[in-house]
Amino acid sequence: SPFQLKGRPRGGPRPEDIAMLVQVGRRYVSEQREIDPLFAKGMKELLSKSKVFKDCHEEFIRDLIVSSNRKEYAPNRYLMEEGTRGDSMFVLFKGGVEVTANGRYVCKLRDGSIVGEAALLNMDNRRTASVRSVQKCDVAIIFRSTFHSILEKYPWEKRKFQRDMKAKLMELGKLIDVKDDINPEQQATQCDLLKKVPFFAKDESLHDFVSELAMNASTYWYRPGRVIIQEGDTHCDEMYVLLRGAVEVTACGEFLGRLENDLFGEVGLLDLLERRTANVTAATQCHCMMFRREMVIPVLAKYPDARMKLLEHARQRLVALNEAISQHTDNNVHSRGLGDPSGPGSAAIRLEGCALGFGNSIPAGDAHLFAASQLFQDCRVDLLRELSAHFDTKRMDEGCTIFEEGDSFRADRDLVYFIAKGQVEVWKSGHFFAVLSDGEVFGDIPAFSKDKSGVRQASVISKTKTVLRTITGTALHGILTSHEDEELNEMWAAQRQKREKQFQHKQNLHAHSLQKRTDPLDVMFMKLPVVREMPGEEKVRVPRIEGLQGALMDSCREASAWREATAGKSTARPGKLPALGFGPTLTIMPPASAR
């Protein structure tokens, strides 16, 4: 039993210096010191009497105790604070704490109390009270991740806690879609992910609404190029929240923009329109949560403020979509461009609320490129339109070298490359450096160097079939000068400086590796079992373990002896070769006379 403390031999390590690794199933839960028998006994009694763990198996309680973290709190220290996110339960072994909620005193707790147990089971992990130590406290902490790892080893306890959580959710009216198998850990993770989406994170009043959404969410992964929503589709019963990746929005053949960490599909779900208004296509690997109408509408009915915010978000997006399609600009639309609005099609505007795009002022292919770029997403639209007008296109097959390290660069002749589609690999000093994909720029470092006749600092090879948009260094300088964008210039300069430092670091590592001397290795390996006579024992078959150098010498001696023994013989078939311990290194052929 892990609770038993064995005797320590004289001069041996003290019990508190002994560490052990706790394994539950296939996972290592924690590494900690030998457990005090009194502490283990007291914890076992406390957990067995608690409402949460009273019916659990003794071995389950044991694993909880073994994997708990013991910690001491000085007086006037907070164990947990109201409103913060919690991922652990506290067992007060010794000491006293004070509980407050909404700024008011609730009660005092002493030895044997358990606080924060809701964080282990309830996916809404926000603390509802503050707990402060009033004297020195000895506390055992059980983390949610550890708790659920242990549950995997005990199916009966896992089903028990799932039933308890399901009954509680049904009692509170929070579980709309009745599920047979509720995974508290997974749903708590989903809740945390939803709260990081800007639409939900910026408003604390949506906390309870988000918690109920996460309880009834379905998770989907989409590959690049997958159409998630089809324009004109009358099936409008789903809303999506994009957690990771990016999607591109198009309508009436026009590219509207790119969405990241946002929600979409809410216009149709709220019955603002009877058909889908745009195509939504996965631009990268996407992780989404999907919510069905029959689940969202009842939840929205319970939270009218959340319903109004979602309706306003959908209305703004619908207005921006209408503006983009009809090619009209509204006075309330934010503009960053400097074009002349009096001329037809000359106004360079950026439509907000629809997606991260540029209306129809830029050709669709280049709009895809700029929307995917961290540099040009928020750039002046008139600058981007000028860049697009000066671009040329190059198509590269897989494995083609675009340019090599050390090639000379002339601004009036050589090119800066923008990746419209595909991936390229960057190599420095013969070593792999990075992979660049849609929207990224390369070949720009010598174009902006003070030396007008610089050199390429790395080699670039196409990893896939790649579509590149190119412009000469001189033309790029001219556009950036005539359409000055201070924010873009600062971001671009910082990116180039970062890459130059990375290149220099890679080069230093390569130079250091050439100078470093490698110590000789003595590899240990197992040979075939041999029969040995052990002192005082019978003959036994044991593996012979030797160093590589000694084994090779033995093999060479055996081969030489075999050659000498067969040198004077003439046979039709070669003799039996001696067994080698390192076959791939030595190839022994019989002499010509034996062949």
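Further up the page is the structure itself.
All values reported here derive from a predicted model rather than from experimental measurement. (Residues numbered from 1 in each chain as written. Predicted model: local features only at pLDDT ≥ 70, side-chain atom pairs only at ≥ 80, totals over all residues. Heavy atoms only, no water.)

Q: Give me the lowdown on the pairing of strand β14 (residues 246-251), citing residues and values where you can.
A: Of all six residues making up β14, six are buried, and the element is well covered by its neighbours. The alternating pattern of β14 places Ala246, Glu248 and Thr250 and Val247, Val249 and Ala251 on opposite faces, both of which are buried. In terms of strand pairing, β14 meets strand β15 (residues 254-260) through six bridges, oriented antiparallel. Looking at the pairing, Glu248 lines up with Arg258 of β15. The turn linking β14 back onto β15 is made up of two residues, and Cys252 within it adopts a positive phi angle of 55°. Bridge analysis of β14 against strand β17 (residues 279-282) gives four bridges, and the strand direction is antiparallel. Bridging from a neighbouring strand, Glu248 pairs with Thr281 of β17. (Buried < 20%, exposed > 50% of the residue type's maximum accessible area, 1.4 Å probe, protein only. Helix = DSSP H or I, 4+ residues; strand = E, 2+ residues; numbered from the N terminus. Pairing = 2+ DSSP bridges.)

Q: Tell me what's going on with a negative patch on the surface, and back it up with residues and numbers.
A: Taken together, the side chains of Asp378, Glu484, Glu486, Glu487 and Glu490 define an acidic patch exposed on the protein surface. Looking at the secondary structure, you find Glu484 in the loop between α14 (473-482) and α15 (486-515). (Patch = residues over 30% accessible without salt bridge, like charges linked within 9 Å, V, L, I, M, F, W, Y side chains within 5 Å. Areas by Shrake-Rupley, 256 points an atom, 1.4 Å probe, with all protein chains shown as cover. Salt bridge = Lys/Arg side-chain N within 4 Å of Asp/Glu carboxyl O. Lys, Arg positive; Asp, Glu negative; His and termini not counted. Charge placed at Lys NZ, Arg CZ, Asp CG, Glu CD.)

Q: Explain the state of the cysteines to me, and be specific about the residues and the numbers.
A: One pass over the full model with this rule turns up zero disulfides. In this model Cys286 remains outside any disulfide bridge; the closest cysteine sulfur is found in Cys288, 5.4 Å from its own. For Cys286, a relative accessible area of 0% puts it in the buried group. A relative accessible area of 0% places Cys288 in the buried class. (Disulfide = S-S within 2.5 Å.)

Q: Outline unusual backbone geometry, listing residues and values.
A: Even without glycine at this site, Asn261 takes up a positive phi of about 55°. With respect to the element layout, Asn261 can be found in the loop between β15 and β16 (263-264). Judged by relative accessible area, which is 28%, Asn261 ranks as partly exposed. Phi is positive for Asp271, which is not a glycine, with a value near 65°. Structurally, Asp271 is set in the loop between α9 (266-269) and β17. Classification of Asp271 as exposed rests on a relative accessible area of 55%.

Q: Tell me about the sheet that holds strand β12 (residues 227-229), and please be specific about residues and values.
A: Here four strands make up an open sheet; going across it, the order is β12-β17-β14-β15 and the pairing antiparallel. At either margin of the open sheet sits one strand with a lone partner, and together these are β12 and β15. Strand-to-strand twist across the sheet, computed as the mean angle between neighbouring axes with direction ignored, equals 30°. As paired strands, β12 and β17 are joined by two bridges and run antiparallel to one another. From the neighbouring strand, Ile229 faces β17, where its bridge partner is Val280. With respect to the sheet, helix α12 (residues 364-372) is in contact with β14 and β15, its orientation differing from that of β15 by roughly 15°. (Axes fitted to C-alpha atoms, helices over the stretch in contact; angles between N-to-C directions. Contact = heavy atoms within 4.5 Å.)

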